[in-house]
Amino acid sequence: MTVRRMQIEDYTDVYNLWLATPRMGLNDVDDSEQGINRMLQRNPTLSFIAEKDNQLVAVIIAGQDGRRGYIYHTAVHLDYRRQGIAQELIKNVLDEMKALNISKVGLFIFQDNYSGNSFWNKMGFNIRDDLYYRNHALTELERIDT
Ligand SMILES: CC(C)(COP(=O)(O)OP(=O)(O)OC[C@H]1O[C@@H](n2cnc3c(N)ncnc32)[C@H](O)[C@@H]1OP(=O)(O)O)[C@@H](O)C(=O)NCCC(=O)NCCS
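None of these values were measured; they are calculated from a predicted model.

Novice: Sorry if this is basic, but what is going on with the packing of aromatic side chains here?
Specialist: How two aromatic rings sit relative to each other is set out by the distance from centre to centre and by the angle between their planes. In total, this model carries four aromatic pairs according to the counting rule given. Relative to Tyr133, the ring of Phe108 has its centre 4.3 Å away and its plane inclined at 50 degrees; by these criteria the two rings are tilted. Linking Phe108 in the loop between strand E6 (104-107) and helix H4 (114-122) with Tyr133 in the loop between H4 and strand E7 (143-144), this pair joins segments that are 25 residues apart in sequence. The exposure class of Tyr133 is exposed, given its relative accessible area of 56%. Plain terms: the ring middles of Phe119 and Trp120 are 4.9 Å apart, the flat faces sit at 65 degrees to each other, and that makes the pair edge-to-face. Residue class for Phe119 comes out partly exposed when judged on its relative accessible area of 22%. Within the aromatic cluster, the residues linked to one another by ring pairs are Phe119, Trp120 and Phe125. One Lys or Arg, Arg23, reaches over the ring of Phe110 and ends 4.2 Å from the middle of that ring.

Novice: Would you take a moment to explain the pattern of salt bridges for this structure?
Specialist: Opposite charge on two side chains permits pairing when their charged atoms draw close. Across all of its chains, the model carries seven salt bridges by this definition. The salt bridge partner of Arg4 is Asp10, with a shortest N-O separation of 2.8 Å. The residue Glu51 makes a salt bridge to Arg4 at a minimum N-O spacing of 3.2 Å. One end of the pair, Glu51, is in strand E3 (residues 48-52); the other, Arg4, is in strand E1 (residues 2-5), with 47 residues separating them in the sequence. Using a relative accessible area of 30% as the deciding quantity, one classes Arg4 as partly exposed. Linked by salt bridges that have partners in common, Arg4, Asp10 and Glu51 make up one network.

Novice: Is there a simple way to explain the site of the ligand in this structure?
Specialist: Residues in contact with the ligand amount to 20 residues; listed here are only the nearest, Thr74, Val76, Arg82, Gly84 and Asn113. At a separation of 3.5 Å, an oxygen atom of the ligand approaches a polar side-chain atom of Arg81. Within the backbone of Gln83, an N or O atom sits 3.3 Å from an oxygen atom of the ligand. At five residues, the largest contribution of residues to the shell around the ligand is made by H4. Split into classes, the residues belonging to the shell around the ligand amount to nine nonpolar, eight polar and three charged.

Novice: Help me understand the sheet that holds E6 in this model?
Specialist: By way of backbone hydrogen bonds, the strands of a sheet pair with one another, either parallel or antiparallel. An order of E1-E3-E4-E5-E6 is seen for the five strands of this open sheet, with the pairing classed as mixed. Where the open sheet ends on each side, the last strands, each with one partner, are E1 and E6. Pairs of neighbouring strands in the sheet enclose a mean axial angle of 25 degrees, with direction left out of account. Of the pairings in the sheet, the one linking E3 to strand E4 (residues 55-64) comprises five bridges and is antiparallel in character. Its bridge partner lying in E4, Ile49 is registered against Val59. Most of the contacts of helix H3 (residues 85-99) go to E4, to which it runs at about 30 degrees, and overall it touches E1, E3, E4, strand E5 (68-76) and E6.

Procedures and definitions
- Residues numbered from 1 in each chain as written.
- Predicted model: local features only at pLDDT ≥ 70, side-chain atom pairs only at ≥ 80, totals over all residues.
- Heavy atoms only, no water.
- Phe/Tyr/Trp six-rings, centres within 6.5 Å; stacked < 30°, edge-to-face > 60°.
- Helix = DSSP H or I, 4+ residues; strand = E, 2+ residues; numbered from the N terminus.
- Buried < 20%, exposed > 50% of the residue type's maximum accessible area, 1.4 Å probe, protein only.
- Lys NZ or Arg CZ within 6 Å of the ring centre and 35° of its normal.
- Salt bridge = Lys/Arg side-chain N within 4 Å of Asp/Glu carboxyl O.
- Near = heavy atom within 4 Å.
- Polar contact = N/O pair within 3.5 Å; in protein donor to acceptor, adjacent residues only side chain to side chain.
- Nonpolar A, V, L, I, M, F, W, Y, C, P; charged D, E, K, R; others polar.
- Pairing = 2+ DSSP bridges.
- Axes fitted to C-alpha atoms, helices over the stretch in contact; angles between N-to-C directions.
- Contact = heavy atoms within 4.5 Å.

Below is the structure:
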């Protein structure tokens, strides 16, 4: 297995993996090729993919705003789970965040994603139950359910 930074040329394979992964929380703007390209341009060192036999098997998207880092859309192909691939991707992201002097990294996850939450617990991402996530939409987004 090889892990490398995601390039926009990986977009179609990445998007197909997301489409095949239940409850990814995609939308038509941020997860379009243009949206992901913008994310990669702003954060060229923070998103990674894993490949096996030249096939994309996993992805993690991440960005930072100079204060906090955020992780999105971590997905590992069903046939390659429980092999430490996501753990390896997280390590790459956290090392790069540290190199950028980012002090905290967070993510959003559906509460009923039990396996995903078990994974993030294991990775040391704690639940903040003293906070609400508040959201104000500046543009209309169409959800893409997977
Ligand atoms: C969550 C996900 C990314 C984990 O990927 P993975 O490569 O299988 O995870 P790893 O092999 O690196 O797991 C590391 C540790 O996390 C925990 N873990 C991972 N998947 C788990 C599961 N389904 N149930 C319980 N614990 C789990 C385990 O402790 C595991 O170590 P172990 O296998 O030695 O017990 C993968 O299951 C996935 O793509 N799920 C669908 C998408 C999703 O829910 N993404 C997260 C929300 S954005």
